[in-house]
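Structural characterization, general
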Amino acid sequence: MSLPPVGLAHYLILAALLFAMGLFAVITRRHAIGVLLGIELMLNAANINLVAFNRYGPLAESADGQVFALMVIALAACEAAVGLALIIRLYQTLATVEPDDAASMKW
Amino acid sequence: MTWLGLSPEQLLEYVGFLLVAGVSLVSALGVLFAPRVLHAAVWLLFALLGVAGVFALLGAHVLFAVQVLVYAGAIAVMIIFAVVLLERGTDRGILAGNRHLFAGVVAAGAFAVVVVPSLVATVVTVGLPASAGPGPTVQENVWVIGRLFLTRHILAFELISVVLLVSMIGAIVLARADRRGEAEETVAPGTGDPEPAPEAAEEAKAS
């Protein structure tokens, strides 16, 4: 029996599993910050994909994928700041942190 | 000398990969199923550190440092801070009586069931690159990324700073409670205690 050495597929499968778990958290978490945590997991899965393709792709020397991942991290910081501000605002105005309760603009 | 068909270096890489992948996945499970959001946020911290380990394995030294400093150090701590600000008996478990549970299982399960087997099938039939040669050293990685940021990606680099500034101002404007005209509705003046407006709370209960 022989194992395949660690390659691109290993990282892609890890990223796919992390993404699926983030998606599950986004849909099922009832606390708005829990939804935010799921989004962070999904962004991290996407970053793993970017860096893994950069490492194993034909342009491994140029590190463009890592620059993309750094941009994603910066945008994730923006998203977390604005999202947390929105959640705090939601709590101040509606006294709830559950996304289901803030449904007055839904229909 | 080989073991399971792997050279010692490959074996070491395999062990490292299993370690960081295990940390990431187990911590992600904690993010999913921790009953309290505060615990889920702490699990997210460990998941982010696991992903940082993945970056280190992939030879992305700069990203490893940024992940630890910015993600685990700043974003996770900011989220934990917000949870502590908000957490007042608002937690309920994720599983009990959750009407989104079925949708979540279907969506995430469908994603995993479609993507993972298709990846495995791709590896079996076409084959993905399995070895990438030696990774860059720390100096090379820092040099390459710094150079890319100031040459090919300079426009994105400048724009991202504008985006950061805008989101910072937006977060301050959104989170500030005592805006003129609304101060009496949301915050009792003088107390500083963010009591919600009674009619808003009633609307939230009624809907």
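Residues numbered from 1 in each chain as written. Chains lettered and ligands numbered in written order. Predicted model: local features only at pLDDT ≥ 70, side-chain atom pairs only at ≥ 80, totals over all residues. Heavy atoms only, no water.

**Notes on the overall build of chain A**
To keep it simple, the criterion reads: To qualify as a helix, a DSSP run of H or I must reach at least 4 residues; to qualify as a strand, a run of E must reach at least 2; elements of each kind are numbered from the N terminus. Only protein chains enter the accessibility calculation, which uses a 1.4 Å probe; a residue is then buried when its area is under 20% of its type maximum, exposed when over 50%, and partly exposed in between. We call two residues contacting when some pair of their heavy atoms lies within 4.5 Å. Charge counting follows a simple rule: Lys and Arg are positive, Asp and Glu are negative, and His as well as the terminal groups are ignored. A charge is said to be at NZ when it belongs to Lys, at CZ for Arg, at CG for Asp and at CD for Glu.
Each helix and strand counted, chain A has 3 helices and 0 strands in total. Seen in sequence order, chain A has helices and strands lined up from the N terminus as α-α-α. Considered along the principal axes of its C-alpha atoms, chain A spans approximately 55 × 35 × 20 Å. Per-residue burial over chain A gives 63% buried out of 107 residues. Of the contacts made within chain A by residues no fewer than 6 positions apart, 56% connect residues no fewer than 24 positions apart. Side chains of chain A carry 5 positive and 7 negative charges; the gap between the two charge centres is 7 Å.

**Brief notes about a nonpolar patch on the surface**
Residues and elements named next belong to chain B. Basically, it comes down to this: For patch detection, residues must exceed 30% relative accessible area and be free of salt bridges, and they are connected within 9 Å for like charges or within 5 Å for nonpolar side chains (Val, Leu, Ile, Met, Phe, Trp, Tyr). In short, Shrake-Rupley with a 1.4 Å probe defines the accessible areas, and a residue's cover is counted only from the protein chains shown. Each reported salt bridge corresponds to a side-chain nitrogen of Lys or Arg within 4 Å of a carboxyl oxygen of Asp or Glu.
Residues Val 26, Val 42, Trp 43, Phe 46, Leu 49, Phe 64 and Val 68 make up a contiguous nonpolar surface patch of roughly 560 Å² in combined accessible area. Of all the elements, helix H2 (residues 37–57) adds the most residues to the nonpolar patch, at 4 residues. Structurally, the position occupied by Val 26 is in helix H1 (residues 8–33).

**Observations regarding the packing of aromatic side chains**
Here is the rule we go by: Within 6.5 Å between ring centres, the rings of Phe, Tyr and Trp (the latter by its six-membered ring) count as paired, and their orientation is classed by plane angle as stacked under 30 degrees, edge-to-face over 60, tilted in between.
One pass over the structure, following the stated rule, counts 6 aromatic pairs over all chains. Here the aromatic rings of Tyr 11 of chain A and Tyr 56 of chain A are separated by 6.1 Å at their centres, their planes lie at 35°, and the arrangement is tilted. Of this pair, Tyr 11 of chain A sits in helix H1 (residues 8–28) while Tyr 56 of chain A is found in helix H2 (residues 32–56), placing the two residues 45 residues apart along the sequence. Grouping residues by exposure puts Tyr 11 of chain A and Tyr 56 of chain A together as buried. For the pair Phe 149 of chain B and Phe 157 of chain B, a centre-to-centre distance of 5.1 Å together with 50° between the ring planes defines the contact as tilted. Taken together, the ring pairs connect Tyr 11 and Tyr 56 of chain A together with Phe 17 of chain B into an aromatic cluster.

**Looking at the nonpolar core**
Keep this limit in mind: In this text, buried Ala, Val, Leu, Ile, Met, Phe, Trp, Tyr and Cys residues form a nonpolar core when linked through side-chain atoms within 4.5 Å.
Tyr 11, Ile 33 and Ile 48 of chain A together with Leu 63 and Ile 79 of chain B are the most contacted members of the largest nonpolar core, which has 75 residues in total. When neighbours within four sequence positions are excluded, Ile 79 of chain B is seen to be in contact with Ile 33, Leu 37, Glu 40 and Leu 84 of chain A together with Ala 41 and Leu 44 of chain B.

**Points about the interface of chain B and chain A**
The cut-off we apply is this: Buried area: the accessible area, evaluated with a 1.4 Å probe, that two parts lose upon being put together, summed over both parts. Each polar contact in these results corresponds to two N or O atoms within 3.5 Å; when the atoms are within protein, one needs to be able to donate a hydrogen and the other to accept it, and residues that are neighboring in sequence are counted only if both atoms are side-chain atoms. Residue polarity is assigned by list, with Asp, Glu, Lys and Arg as charged and Ala, Val, Leu, Ile, Met, Phe, Trp, Tyr, Cys and Pro as nonpolar; anything else, Gly included, falls into the polar class.
With 103 residues of chain B at the interface, the matching set in chain A holds 75 residues. In this assembly, chain B packs against chain A so that about 8,200 Å² is buried in total across both faces, 74% of it on carbon and sulfur atoms. Contact with chain A buries area across many residues of chain B, yet Leu 58, Tyr 71 and Leu 86 of chain B alone supply 9% of it, more than any other trio. On the surface where chain B and chain A come into contact, there are 1 salt bridge. For Asp 64 of chain A, the salt bridge identified is with Arg 152 of chain B, shortest N-O distance 2.5 Å. Taken together, chain B and chain A are joined by 11 residue pairs in polar contact (both at pLDDT 80 or more). Of all the secondary-structure elements, those providing two or more residues to the side of chain B that touches chain A are H1, H2, helix H3 (61–86), helix H4 (101–125), helix H5 (138–150), helix H6 (154–175) and helix H8 (198–206) of chain B. Of the residues in the side of chain B that touches chain A, the class split is 74 nonpolar, 20 polar and 9 charged.

**Observations concerning the packing of H1 of chain A against H4 of chain B**
Where we set the bar: What counts as an axis is a line fitted to C-alpha atoms, over the stretch in contact for a helix, and the angles between N-to-C directions run from 0 to 180 degrees. The labels follow the angle: roughly parallel below 35 degrees, roughly antiparallel above 145, roughly perpendicular from 65 to 115, and oblique for the rest.
Contact geometry for H1 of chain A and H4 of chain B: axes closest at 8 Å, N-to-C directions at 170°. Our classification of the angle between H1 of chain A and H4 of chain B gives roughly antiparallel. Of the residues contributing to the contact of H1 of chain A with H4 of chain B, the split by class is 22 nonpolar, 2 polar and no charged.

**Here we look at H1 of chain A**
Rule in force here: One less than the residue count of a helix, multiplied by 1.5 Å, gives the span that helix is expected to have.
Its 21 residues give H1 of chain A an end-to-end C-alpha distance of 30 Å, which sits within 8% of 30 Å, the value for a rise of 1.5 Å per residue. The element H1 of chain A is largely enclosed, with a buried count of 16 among its 21 residues.

**Quick notes on the environment of Val 144 of chain B**
Considering the arrangement of structural elements, one finds Val 144 of chain B in helix H5. Along the primary structure Val 144 of chain B and Val 26 of chain B are separated by 118 residues, whereas in three dimensions their C-alpha atoms are 33 Å apart.

**Some thoughts on the confidence of the model for chain B**
As a reminder of what qualifies: A residue's pLDDT is the predictor's confidence in that residue, given on a scale from 0 to 100.
When the pLDDT values of chain B are averaged, the result is 81; 76% of them are 70 or greater. Below a pLDDT of 50 lies the segment residues 186–196 of chain B, which in the model reaches 14 contacts outside its immediate sequence neighbourhood of four places, other chains included.

**Section: the side chain of Asn 141 of chain B**
Take Asn 141 of chain B: it is sitting in helix H5. With residues near it in sequence (within four places) discarded, Asn 141 of chain B still touches Gln 66 of chain A together with Gly 59, Ala 60, His 61, Val 62 and Pro 136 of chain B.

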